[in-house]
Amino acid sequence: MKGAKPKLDLNHMNILFYIIIAILIIQFLIEMVLGYLNAKKYDDPIPGELDNLFDPEEYQKSQRYKKTNYNFGLWTSTFSLLLTLAFLIFGGFEWIDSIARTLTDNTMLRALLFFGTILIGSDLITTPFSYYKTFVIEEKFGFNKTTKKTFVLDKLKGWGILVILGGGILLAVIWFFEWAGTGFWIYAWVLIALFTIFMNLFYSRLIVPLFNKQSLLEAGRLKEKIENYASKVGFELQNIFVIDGSKRSTKANAYFSGFGKEKRITLYDTLINDLEEDEIIAVLAHEVGHYKRRHIVFNLVASILLAGLTLFILSLFINNPDMSLAIGVSEPSFHAALIAFGILYSPISEITGLIMNYLSRKFEYQADDYAKNTFAAQPLITSLKKLSKKSLSNLTPHPAYVFVHYSHPPLLARIRNLKA
Ligand SMILES: [Zn+2]
């Protein structure tokens, strides 16, 4: 009977099912160990070069913030592991798939229903956690500026983007699969590469305005100084934008996006308020360094190549009915196999993630060096200190945790490099 609740017999599950369970549990345990090692160092003394950064009371607040987040992380990751395991073991995927099957015969619509239900459903289930994180933890430590209205609107906009962009790409990929068989991966790759380049160019123009107001930096001393610096290093820069980051959080940031004519630097209003002019130029010089050293292009090319590799490996397994069975779905389909593949592939993507983080930390040093050589080290050091202090970032992270999770080197390492 279609749509009936499936009975899942664990003795008849294929080996992939057990591999998936093992991957989820091992990843969870590795995270637990890394988090524990890192948390054990929260009470370490502040390194000598940084001990004038906080007064003791502020530092205690900073460490309380980290411990709160650590404990909260234990709860959320345990919850999501148990939820995923329960979903796998009690046939959640088969249940959703069987409902989608009763609603439509169209494979593309089924895939949309299947993914839409899983993604939006899991987002709804974890919403209380993100609500608590924003309105209890961040609030308590004075970071939160988000209103409940902004929080809800952000969610709805996020879903809208997911349905339109994610749904569109999914439909196209399944269409390629039905049309070209396992050769679909080449067409999917071209599509995803074009999409990646398009988003890199137009993210600031198309997506950011849905969430924030951005305006051109007003004429004045800061703008003049920035333009002087940019022309000194031969960097053509028409687009310096200020974004109202203060709408959500007191944390400050700056980033670079796009390339060619579309390249722009975006400064958070919080950054402009918190830093001196020279410090802002130094942060900007760091961002220009990323551009000049071609990090932007490298990251773009690397992510496109990685996507190609992933799609190629996916094409080797996608037709195997065991893939769908691996998550308990009885009727083989592209969408069920895709979920199984996503989990089975995650150890490989963890490794590529490690490599990308390693390179990213190297690039940060290179961009810091660029700022040091073309502007000055001292204002970058003081700006990094101010930003770390404001965001209560960790001054004594565990090296193993840094190796796995940090895309930027820890503050102390960057300061030592800038002083060298
Ligand atoms: Zn950087």
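As shown above, the structure is provided for reference.
Counting restarts for each chain: residues are numbered from 1 in the order of the written sequence. Selection of residues for local features in this predicted model requires a pLDDT of at least 70, selection of side-chain atom pairs for listing and counting requires 80 or more, and totals for whole chains, interfaces and linings are taken over all residues. Excluded from the side-chain calculations are hydrogens and water; all other atoms, namely the structure's heavy atoms, are used.

(A) Seen up close, the overall build of the chain. Helix and strand assignments follow DSSP, with helices taken as H or I runs no shorter than four residues and strands as E runs no shorter than two, numbered in order from the N terminus. Helices and strands together make up the secondary structure of the chain, namely 17 helices and four strands. Each radius of gyration reported is based on C-alpha atoms, and the globular scaling rule is 2.2 Å times the count of residues to the power 0.38. Taking 420 residues into account, the globule formula puts the C-alpha radius of gyration at 22 Å, and the chain, at 24 Å, falls close to it. Taken over the C-alpha atoms alone, the chain extends approximately 70 × 50 × 40 Å along its principal axes. The buried share of the chain, reckoned over its 420 residues, is 43%. Here the accessible surface of atoms and residues is derived via Shrake-Rupley with a 1.4 Å probe, and residues count as covered only by protein chains that are part of the display. Carbon together with sulfur atoms contributes 65% to the accessible area of the chain, which is approximately 21,700 Å² in total. Only four residue types enter the charge count, namely Lys and Arg as positive and Asp and Glu as negative; His and the chain termini do not. The atoms used to mark charge sites are NZ of Lys, CZ of Arg, CG of Asp and CD of Glu. A distance of 2 Å separates the average location of the 43 positive side-chain charges in the chain from that of its 36 negative side-chain charges. Exposure classes here rest on a 1.4 Å probe applied to the protein chains alone. A residue is buried below 20% of its type maximum, exposed above 50%, and partly exposed in between.

(B) Spatial organisation of the sheet that holds strand S3 (residues 254-257). Strand order in the open sheet formed by four strands is S1-S2-S4-S3, with mixed pairing between adjacent strands. Every interior strand has two partners, whereas the edge strands, strand S1 (214-216) and S3, have only one. Recorded for the sheet is a direction-independent mean angle of 30° between the axes of neighbouring strands. A strand pair is defined by DSSP finding two or more bridges across the two strands. The pairing of S1 with strand S2 (residues 240-243) spans three bridges and is antiparallel. Its bridge partner lying in S2, Ser215 is registered against Val242. Angles run from 0 to 180 degrees between N-to-C directions of axes, and those axes are lines fitted to C-alpha atoms, restricted for helices to the stretch in contact.

(C) Here's a closer look at the coordination of the zinc ion. Binding of the zinc ion to the protein goes through His286 (NE2), His290 (NE2), Glu364 (OE) and Glu364 (OE), at separations of 2.0 to 2.6 Å. For the zinc ion, the four donor atoms in the first shell make angles of 54 to 134° at the metal, a pattern classed as irregular. Water is not among the atoms examined, so metal sites may look incomplete; donors are the N, O and S atoms within 2.8 Å of the metal, or within 3.2 Å for Na, K and Ca. Summarised as a motif, the one-chain spacing of the donors to the zinc ion is H-x3-H-x73-E. In this pair, His290 is assigned in helix H10 (residues 277-292) and Glu364 in helix H14 (residues 346-374), connecting sequence segments 74 residues apart. Judged by relative accessible area, His290 falls into the buried class, the value being 10%. Geometry is assigned from the angles between donors: four donors with all angles from 85 to 135 degrees make a tetrahedral site, four or six donors whose opposite pairs exceed 155 degrees while the rest stay between 65 and 115 make square planar or octahedral sites respectively, and everything else is labelled irregular.

(D) Representation of the side chain of Ser62 in the model. Tracing the sequence through the fold places Ser62 in helix H2 (residues 56-89). Throughout, a residue-residue contact means that at least one pair of heavy atoms, one from each residue, lies within 4.5 Å. Each residue touching Ser62, except ones within four places of it in the same chain, is listed here: Phe54, Leu392 and Ser393.

(E) Here's a closer look at the packing of aromatic side chains. Between the rings of Phe, Tyr and Trp (Trp by its six-membered ring), a pair exists once the centres lie within 6.5 Å; its type follows the angle of the planes, with under 30 degrees stacked, over 60 edge-to-face, and the other angles tilted. Tallying each qualifying case throughout the model produces 31 aromatic pairs. With centroids separated by 5.3 Å and ring planes inclined at 70°, the aromatic side chains of Phe135 and Phe151 adopt a geometry described as edge-to-face. Of the two residues, Phe135 is situated in helix H4 (residues 107-140) and Phe151 in helix H5 (residues 148-180); the sequence distance between them amounts to 16 residues. With a relative accessible area of 13%, Phe135 lands in the buried category. With a relative accessible area of 13%, Phe151 lands in the buried category. The ring of Phe211 is capped by Lys157, whose NZ or CZ atom sits 5.6 Å from the centre of that ring. We call a charge positioned above a ring when the Lys NZ or Arg CZ atom is no farther than 6 Å from the ring centre and deviates by at most 35 degrees from the ring normal.

(F) Structural view of the layout of surface pockets. Reported here for the second largest pocket is a volume of approximately 1,100 Å³. For the second largest pocket, the lining is made up of 41 residues, of which Phe115, Gly116, Ile118, Leu119 and Ile339 are closest to its centre. Elements represented by at least two residues in the lining of the second largest pocket include exactly H2, helix H3 (92-103), H4, H5, helix H11 (295-317) and helix H13 (334-344). Looking at the lining of the second largest pocket, the element that brings in the most residues is H4, giving 13 residues. Among the residues making up the lining of the second largest pocket, the classes are represented as 29 nonpolar, 12 polar and no charged. Cavities and pockets are defined on a 1 Å grid built over the protein atoms alone: a cavity is a set of grid points where a 1.4 Å probe fits but cannot escape, while a pocket is an open set with protein on both sides within 12 Å along at least five of seven lines, and lining residues are those with an atom within 4 Å of any such point. Grid points are joined across faces, edges and corners, and a volume is the space filled by probe spheres set on the points. We call Asp, Glu, Lys and Arg charged. Ala, Val, Leu, Ile, Met, Phe, Trp, Tyr, Cys and Pro are nonpolar, and the rest, Gly among them, are polar.

(G) Expanded view of the nonpolar core. Counting residues in each nonpolar core, the largest one holds 46 residues, and the members touching the most others are Ile226, Tyr229, Phe235, Ile265 and Leu267. Of the residues forming this core, the biggest block, seven residues, is contributed by H10. We call a set of buried residues a nonpolar core when its members are Ala, Val, Leu, Ile, Met, Phe, Trp, Tyr or Cys and they connect through side-chain atoms within 4.5 Å of each other.

(H) Region of interest: unusual backbone geometry. Even without glycine at this site, Arg294 takes up a positive phi of about 65°. Here Arg294 is to be found in the loop between H10 and H11.

(I) Geometry of the packing of helix H8 (residues 221-232) against H10. Axis separation between H8 and H10 bottoms out at 10 Å; the angle between their running directions is 40°. Handedness of the H8/H10 crossing: right-handed. Across from Arg221, Leu222, Lys225, Ile226 and Tyr229 in H8, the residues of H10 making contact are Glu277, Asp278, Ile280, Ile281, Leu284, Ala285 and Val288. The class makeup of the residues in the contact of H8 with H10 is eight nonpolar, no polar and four charged. The sense of a crossing depends on the near helix, which, turned anticlockwise from the far helix by less than a right angle, makes the crossing left-handed and, turned clockwise, makes it right-handed.

(J) Local environment of helix H15 (residues 377-390). Expected span of a helix, by definition, is 1.5 Å for each gap between consecutive residues, and there is one gap fewer than residues. Counted at 1.5 Å a residue, the expected span for H15 with its 14 residues is 20 Å, and the 20 Å between its end C-alpha atoms agrees. Here H15 has its buried residues at Ala377, Pro379, Leu380, Ile381, Ser383, Leu384, Lys385, Leu387 and Ser388. Contact partners of the buried residues in H15: helix H9 (269-274), H10, H14 and helix H17 (411-419). Immediately beyond the C-terminal end of H15, within one or two residues, lies Leu392, with a positive phi of roughly 50°.

(K) Representation of the packing of H10 against H14. At a minimum axis distance of 7 Å, the contact between H10 and H14 shows a crossing angle of 120°. Classified by the angle their axes make, H10 and H14 are oblique. In this structure, H10 crosses over H14, and the sense of that crossing is right-handed. For the pair H10 and H14, contact is made by Ala282, Ala285, His286, Val288, Gly289, His290 and Lys292 and by Phe363, Glu364, Ala367, Asp368, Tyr370, Ala371 and Thr374, respectively. Split by residue class, the contact of H10 with H14 holds seven nonpolar, four polar and three charged. To sort the angles, those under 35 degrees are grouped as roughly parallel, those over 145 as roughly antiparallel, those from 65 to 115 as roughly perpendicular, and the leftovers as oblique.

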